[in-house]
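One-letter residues, chain by chain:
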Amino acid sequence: MKSAARLACLLAGLILGAGIPVIAPAPALPVAQAGFRPYLNARFGYRIDYPADFIPQGESDNGDGQVFLGQDGAELRAWGGYNIFQETPASALQEELQRSRENQRRVTYQAVGRDFFVVSGYEPVRVSGAEPFGQRIFYLKTVVRPSLQAGFEFVYPASRRERYDRDVEAIARSLRLADP
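Being a predicted model, the structure only gives us computed values, none of them experimental. (Residues numbered from 1 in each chain as written. Predicted model: local features only at pLDDT ≥ 70, side-chain atom pairs only at ≥ 80, totals over all residues. Heavy atoms only, no water.)

(A) Spatial organisation of unusual backbone geometry. Look at glutamine 86: it is not a glycine, yet its phi comes out positive at around 55°. Positionally, glutamine 86 belongs in the loop between strand 5 (75-82) and helix 2 (89-102). Phi at glutamine 104 is positive, roughly 60°, even though this residue is not glycine. (Helix = DSSP H or I, 4+ residues; strand = E, 2+ residues; numbered from the N terminus.)

(B) Geometry of the confidence of the model for the protein. Mean pLDDT for the protein: 83, with 77% of residues reaching 70 or above. Ranking the elements of the protein by mean pLDDT puts helix 1 (residues 2-15) last, at 42, and strand 4 (residues 65-69) first, at 98. (pLDDT = per-residue confidence, 0-100.)

(C) View of the sheet that holds strand 7 (residues 116-124). In spatial order, the strands read 3-4-5-9-8-7-6; together these 7 strands make up an open sheet with antiparallel pairing. A single partner strand is all that each edge strand has here, and the edge strands are strand 3 (55-59) and strand 6 (106-112). The average angle at which neighbouring strand axes cross in this sheet is 15°, direction not considered. Pairing geometry for strand 5 and strand 9 (residues 148-157), over 8 bridges, is antiparallel. Its bridge partner being in strand 9, glycine 81 is matched across the sheet by glutamine 149. The sheet contacts of helix 2 involve strand 6, strand 7 and strand 8 (135-144), and relative to strand 7 the element is tilted by about 10°. Lying on the sheet, helix 3 (residues 161-174) is in contact with strand 5, strand 7, strand 8 and strand 9; it crosses strand 9 at an angle near 170°. (Pairing = 2+ DSSP bridges. Axes fitted to C-alpha atoms, helices over the stretch in contact; angles between N-to-C directions. Contact = heavy atoms within 4.5 Å.)

(D) A look at the side chain of asparagine 83. Residue placement: asparagine 83 occurs in the loop between strand 5 and helix 2. Engagement of the side chain of asparagine 83 in a polar contact is seen with the backbone oxygen of arginine 145, the distance being 2.8 Å. Leave out the neighbours within four places in its chain, and asparagine 83 touches Val144, Arg145, Pro146, Ser147, Leu148 and Gln149. (Polar contact = N/O pair within 3.5 Å; in protein donor to acceptor, adjacent residues only side chain to side chain.)

(E) Inspection of the pairing of strand 9 at higher detail. Burial of strand 9 is extensive: 10 of the 10 residues sit out of reach of the surface. Note: strand 8 against strand 9, 9 bridges, orientation antiparallel. For threonine 142, the partnering residue across the bridge sits in strand 9 and is glycine 151. Counted along the chain from strand 8 to the antiparallel partner strand 9, the turn is 3 residues long. (Buried < 20%, exposed > 50% of the residue type's maximum accessible area, 1.4 Å probe, protein only.)

Structure representation (structure tokens):
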């Protein structure tokens, strides 16, 4: 019955000269970089590419992000959230540096920009035998806006640095938060 009513309204519009309704095409899905797949987060409006050989673990119960696992112990975590403390990139960087110290991470690189910050370095392996050199590399990037934040953390075995250093660059370039 509803479809008959819709058809009647459409025909009435055409007869009365209202013109043909325009149906907008669905927005195109973003194309991921070669060797990557896109992850789109509807709740916080961000996207990120993850390595195609990583296994998505399913979106979190609250819809803020997802974890992707590599077969060699690498792990990518993507998240979004409200900027409830009105952090700036510089203040958010300071908070992350404090967390890094608390978690015994050795920060070897940090950067802050107009709307983002990056922290990278080494962390001790928490499970014995997982990495012969006893450390993993971490890279964290967060985009900070007045109302939202979105970011990722990529942790991988130091022995796989050659492969994952290239991947982390591609992942960092792909992180996008919807325009305000």
